Amino acid sequence: MSDLPFRDAVPARDLVGYGRHRPDPAWPGGARLALTIAVNVEEGGEESPLLGFDRSETPLTDAAAASADVPGRDLAGESMMNYGSRVGFWRVHRLLTERGMVATTSAVALALEANPEIAVAAREAGWDLMGHGYRFAKHYLMSEDEERADLARAVASFRRTWGAAPEGWYCRYGPSAQTRRLLVEHGGFLYDSDAYDDELPYWADVPGLAGPSGEPARQLVIPHTFSNNDNKYAKGWWSTSEDAFVYLRDCFDVLLDEGRRGSAGMMVVSVHPRLTGHPARAAGLARFLDHVARHEDVWVATRAEIARHWVQTQPV
């Protein structure tokens, strides 16, 4: 037994990954870079007295610290959240569809219940669905039974609003030690995105579950990003659309250059309509999408498309 008990905690950390011998993802059409964009639909599912919480939560809005001392419902903060559902989503949706680009809808179940037309528009545009919880919740603080029930409640809700269960899953910020096992036990998930540790999909062992031959069960992971993420606006790390454009463009250019040199990768971008959906910030997204469109050896794909491709070309 280790003299440091936390070393034996599950899931175990993998600090090696692919290392210097990264696989060739063989992206469709000879693409040297896969780009996948998550559009986060969360408004109406955040912490609120309307959902039994003691105060409103206004993360990733222009309210910033102004809401810190508001007891109960923060009507100003709620209104800033509402903008993403009422206006911002439609601007982001338009920017993508006008360019013939798809995205992944990273949705909180209650948000789609509050505005089901978003689900209709996203499906019509060829987007896929990644479950982002029933409502805002800290899965790492839940008991196993609580998390299992939350997952089932979310999937049932998505079946009503989206018309199908989500093909992927992403917890808010961080999973619990049992999240991946609960996803596999529930069944139906191509992948989860509860990781930030790579620029390619990979297969991960699922502690506590065995495969058909007794080997550890495995789950496909498509890592998410806090780097190419417009939460930097709310944190004050991006100020203008030019900040976002330059950051995303530089990441794209480096990854595409590496891909052309023989190490093809994947770029993940995450946007929140209540942030990037504002006109001045949407300008940065538009410039980035136009930059992407000028390159032919890029595959803009949903996460489910990437997952299905990986299962076919890099089977477990």
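Located above this text is the structure these notes cover.
On a predicted model such as this, the values are computed, not experimentally measured, just so you know. (Residues numbered from 1 in each chain as written. Predicted model: local features only at pLDDT ≥ 70, side-chain atom pairs only at ≥ 80, totals over all residues. Heavy atoms only, no water.)

Asks: Outline the overall build of the protein, listing residues and values.
Replies: Within the protein, the secondary structure is distributed over 10 helices and 9 strands. For 316 residues, the compact-globule estimate of 2.2 N^0.38 gives 20 Å, and the C-alpha radius of gyration of the protein, at 19 Å, lies within 12% of that figure. For the C-alpha atoms alone, the extent of the protein along its principal axes is close to 55 × 50 × 40 Å. Each of the 316 residues in the protein was classed as buried or not, and the buried ones make up 51%. When the accessible surface of the protein is summed, it comes to about 14,500 Å², and 52% of that surface belongs to carbon and sulfur atoms. Distance between charge centres in the protein, computed from 33 positive and 44 negative side chains, equals 2 Å. (Helix = DSSP H or I, 4+ residues; strand = E, 2+ residues; numbered from the N terminus. Rg over C-alpha atoms; globule rule 2.2 N^0.38 Å. Buried < 20%, exposed > 50% of the residue type's maximum accessible area, 1.4 Å probe, protein only. Areas by Shrake-Rupley, 256 points an atom, 1.4 Å probe, with all protein chains shown as cover. Lys, Arg positive; Asp, Glu negative; His and termini not counted. Charge placed at Lys NZ, Arg CZ, Asp CG, Glu CD.)

Asks: Describe helix H5 (residues 179-186), with residues and values.
Replies: Residues of H5 that are buried include every one of Thr179, Arg180, Arg181, Leu182 and Leu183, and no others. Close packing links the buried residues of H5 with helix H4 (144-161), strand S4 (168-169), strand S5 (191-192), strand S6 (202-210) and strand S7 (216-221). Just downstream of H5 lies Gly187, where phi reads positive at about 85°. (Contact = heavy atoms within 4.5 Å.)

Asks: Describe helix H3 (residues 116-124), listing the residues and the values that go with them.
Replies: Those residues of H3 that fall on the buried side of the exposure criterion are Ile118, Ala119, Ala121 and Ala122. Taken together, the buried residues of H3 touch strand S1 (33-41), helix H1 (75-98), strand S2 (104-107), helix H2 (109-114) and H4. Directly beyond the C-terminal end of H3, a positive phi value near 85° is found at Gly126.

Asks: I'd like a description of the pairing of strand S8 (residues 265-271), backed by residues and values.
Replies: A regular strand places its side chains so that they alternate between the two faces of the sheet. Taking burial as the measure, the 7 residues of S8 include 7 buried ones, the bulk of the element. Covered by surrounding structure in S8 are Gly265, Met267, Val269 and Val271 together with Met266, Val268 and Ser270, the residues of both alternating faces. Bridge count between S1 and S8: 7 bridges; the pairing is parallel. Bridge assignment links Thr36 to a residue of S8, and that residue is Val268. (Pairing = 2+ DSSP bridges.)

Asks: Can you tell me about the packing of aromatic side chains, naming the residues and giving the values?
Replies: Following the criterion strictly, the structure yields 12 aromatic pairs and no others. For the ring pair Tyr233 and Trp238, a centre distance of 5.4 Å and an interplane angle of 80° mean the geometry is edge-to-face. Judged by its relative accessible area of 8%, Tyr233 is buried. We classify Trp238 as buried; its relative accessible area is 6%. The interplanar angle of 90° and the centroid separation of 6.1 Å between the aromatic rings of Phe252 and Phe288 together place this pair among those described as edge-to-face. With a gap of 36 residues between them, Phe252 in helix H7 (residues 241-260) and Phe288 in helix H9 (residues 279-293) connect regions that are remote in the sequence. You can call Phe288 buried: its relative accessible area is 0%. Here the aromatic residues Tyr140, Tyr170, Tyr173, Tyr196 and Phe226 are joined through ring pairs into a cluster of three or more. (Phe/Tyr/Trp six-rings, centres within 6.5 Å; stacked < 30°, edge-to-face > 60°.)

Asks: Any details on the environment of Val87? Residues and values, ideally.
Replies: Mapped onto the fold, Val87 is located in helix H1. In this structure Val87 comes out as partly exposed when scored by relative accessible area, which is 32%. Taking the C-alpha atoms as reference, Val87 lies 20 Å from Asn229; in sequence the two are 142 residues apart.

Asks: Give a description of the nonpolar core that names residues and reports values.
Replies: Formed by 55 residues in total, the largest nonpolar core has its most connected members in Leu35, Leu96, Leu112, Met267 and Phe288. Dropping the residues within four chain positions of it, Leu96 is found in contact with Ile37, Val39, Met101, Val102, Ala103, Trp127 and Leu289. Among the nonpolar cores identified, the runner-up in size contains 18 residues, and Met130, Tyr191, Leu220 and Val268 belong to it. (Core = buried A, V, L, I, M, F, W, Y, C linked by side-chain atoms within 4.5 Å.)

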